[in-house]
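What follows is each chain in one-letter form.
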There are 2 protein chains.
Amino acid sequence: MGDAQQKKVKKVLTYPERQSQCKHEVLKRLYGIMEEKKTNLCFSGDTTSFAELLEVVEKVGPYICILKTHIDIITDFTAENIHKLKNLASKHNFLLFEDRKFADIGNTVKKQYSEGIYKISEWSDIINAHIIPGPGIIEGLKSAAGEKGLTGKRALLLIAEMSSKGNVATGEYTKACVKMAEENQDFVVGYICQSQLSKDPNFIHMTPGVKLVEGTDSLGQQYLTPKEVITKRNSDIIIVGRGIMNSDDPATTAATYQQAGYDAYLEQCS
Amino acid sequence: MGDAQQKKVKKVLTYPERQSQCKHEVLKRLYGIMEEKKTNLCFSGDTTSFAELLEVVEKVGPYICILKTHIDIITDFTAENIHKLKNLASKHNFLLFEDRKFADIGNTVKKQYSEGIYKISEWSDIINAHIIPGPGIIEGLKSAAGEKGLTGKRALLLIAEMSSKGNVATGEYTKACVKMAEENQDFVVGYICQSQLSKDPNFIHMTPGVKLVEGTDSLGQQYLTPKEVITKRNSDIIIVGRGIMNSDDPATTAATYQQAGYDAYLEQCS
């Protein structure tokens, strides 16, 4: 009885189980995509050319559940290109996640999210934020989505841990982040983190800095493998950027990451 | 003798003294402007209209040493308007400070600083960053300035403390920030903070959330007065946004803040 109960507690929930248990609309959509496309791969399309981004996304779209962007590094940004990106997201069935890392007071992030050239709230399903400014940052972003009539259609991830060398998102900082997430479940749906922070399916874990081979870059980025991230650290989503972007054959490479990530999930569930 | 020595230690350096003692070119320029224009006022021009920004800056320009911008909330951004802004900075002799609050890994901030629509490194004398990603963020930003041939012409402030309610930039976090600043004096010239963190004139302190009357906004911002910031907290620069922007007469209001901030400095020096 005790053993059986322990086994039950330790078992990892499948994507359909998580989908039925979580509350937020964006998370339900995401788990649905992950199940349907058999992927926990988020592609980080970091290029300064929108034309190149669209070209690569057309290739890797079938293998990903999320496309993560840094819209503010793109030199040929246009609203028309955003329209094309949204069409690709519909065609290949993935979510858009602008990795803006909002980090200002509520009154400012509200405008950064909804105004300016980018109007992020109008096209990005998911955004993220640092918690340094305190809970006002969550309120500010949430109210911006609400004012555009997008409540429930937009979700926020809190950056609880980072992958770069010497980062200070650790210990008490990470704990403060988890507390703020739990207090704002109507808008916060998970974490950018290095390992699982909660077993509650209302919070998804996304881990950046993933490559097939571990290592570092010259500016402090530290890489982990898909298996390490999903199986050992119990994260949910692998975020892969340069591993795919710099590949000669992004589609095949994305398929390799998709398989590695999904196999690790199946291993966890079994 | 002991008393005299104590008095000497406690005395605040004048702007010309700080200018002669500090090393960084941007800081030397800034202290020079502060002395010449008798101002420690940084105006935070937070509007979503570039036309309005230019109009207000034309009025408040004579009273400020720095214009702080949030370029990414402006809906009518154009390179031509940046050109006009630079001309206003030359005409009225103030520095430009894009309050981007960089907060990503080195490889990403490098592109966010130099690429994209905004090309911040090409026009903003000063930028700021959160230290959460670790020292790679400083390296990334510094290398971006270097690659554009702007070494010495661009400077970074680290966000050591914030003015918003419940913020977590405190204690060990602030100490880690000071350590990173001291280790990167060729690029880091000071802090966004709530009170003085260093007596070294190589580090300047800028304090946001300043109004003539203390109070809060609905999204957690907490206001301090110029006198409190300069005299009690020993900061160097008062950052005023809505206090001036929402005034019926921005020029007169800016002059009032200038006087309040400068009087507080004179009181400190005497």
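See the structure above.
Okay, so let's go over this structure. (Residues numbered from 1 in each chain as written. Chains lettered and ligands numbered in written order. Predicted model: local features only at pLDDT ≥ 70, side-chain atom pairs only at ≥ 80, totals over all residues. Heavy atoms only, no water.)

1. Quick notes on the packing of aromatic side chains
In step 1: Scanning all chains against the criterion turns up 16 aromatic pairs over all chains.
In step 2: Ring geometry for A:Tyr15 and A:Tyr262: centres 6.5 Å apart, planes at 55°, overall tilted. Linking A:Tyr15 in helix H2 (residues 15-21) with A:Tyr262 in helix H11 (residues 250-269), this pair joins segments that are 247 residues apart in sequence. Each member of the pair, A:Tyr15 as well as A:Tyr262, is classed as buried.
In step 3: Geometrically, the ring pair formed by B:Tyr15 and B:Tyr265 is stacked, given 3.7 Å between the ring centres and 5° between the ring planes. One end of the pair, B:Tyr15, is in helix H2 (residues 15-21); the other, B:Tyr265, is in helix H11 (residues 250-269), and 250 residues separate them in sequence.
In step 4: Judged by relative accessible area, B:Tyr15 falls into the buried class, the value being 1%.
In step 5: Among the residues examined, B:Tyr265 registers a relative accessible area of 4% and is labelled buried. (Phe/Tyr/Trp six-rings, centres within 6.5 Å; stacked < 30°, edge-to-face > 60°. Helix = DSSP H or I, 4+ residues; strand = E, 2+ residues; numbered from the N terminus. Buried < 20%, exposed > 50% of the residue type's maximum accessible area, 1.4 Å probe, protein only.)

2. Brief notes about the relation of the copies chain B and chain A
In step 1: It takes a turn of 180° to lay chain B on chain A, together with a shift of 0.0 Å along the axis; the resulting RMSD is 0.0 Å. In the structure described here, the two chain copies are related by an operation that fits a two-fold rotation axis. Taking the C-alpha atom as reference, chain B places B:Ala103 closest to the rotation axis, 3.6 Å from it.
In step 2: Interface overlap between copies is the fraction of interface residues in one copy that are interface residues in the other; for chain B against chain A it reaches 100%, indicating a shared surface. (Least-squares fit on C-alpha atoms with pLDDT ≥ 70 in both. Contact = heavy atoms within 4.5 Å.)

3. So, the sheet that holds strand S7 (residues 204-207) of chain A
Residue and element names in this part refer to chain A.
In step 1: Taken together, eight strands build a closed barrel; the order of strands is S1-S2-S3-S4-S5-S6-S7-S10 and the barrel is parallel. Going across the sheet, the axis of each strand differs from the next one's by a mean of 30°, ignoring polarity.
In step 2: When strand S5 (residues 155-159) meets strand S6 (residues 188-192), the two strands line up parallel, connected through four bridges. Note on S6: the bridge partner recorded for Leu-156 is Val-188. (Pairing = 2+ DSSP bridges. Axes fitted to C-alpha atoms, helices over the stretch in contact; angles between N-to-C directions.)

4. Here we look at the interface of chain B and chain A
In step 1: Each partner contributes residues to the interface: chain B has 48 residues there, and chain A has 48 residues.
In step 2: Surface buried jointly by chain B and chain A totals about 3,800 Å² across both partners, of which 61% is contributed by carbon and sulfur atoms.
In step 3: Counting across the chain B and chain A interface gives four salt bridges.
In step 4: In this structure, the connection of chain B to chain A is made through 14 residue pairs in polar contact (both at pLDDT 80 or more).
In step 5: Within the residue set of the side of chain B that touches chain A, elements represented by two or more residues are strand S3 (95-102), helix H6 (106-114), helix H7 (136-147) and helix H8 (171-182) of chain B.
In step 6: The class makeup of the residues in the side of chain B that touches chain A is 18 nonpolar, 16 polar and 14 charged. (Buried area = accessible area lost by both parts, 1.4 Å probe. Salt bridge = Lys/Arg side-chain N within 4 Å of Asp/Glu carboxyl O. Polar contact = N/O pair within 3.5 Å; in protein donor to acceptor, adjacent residues only side chain to side chain. Nonpolar A, V, L, I, M, F, W, Y, C, P; charged D, E, K, R; others polar.)

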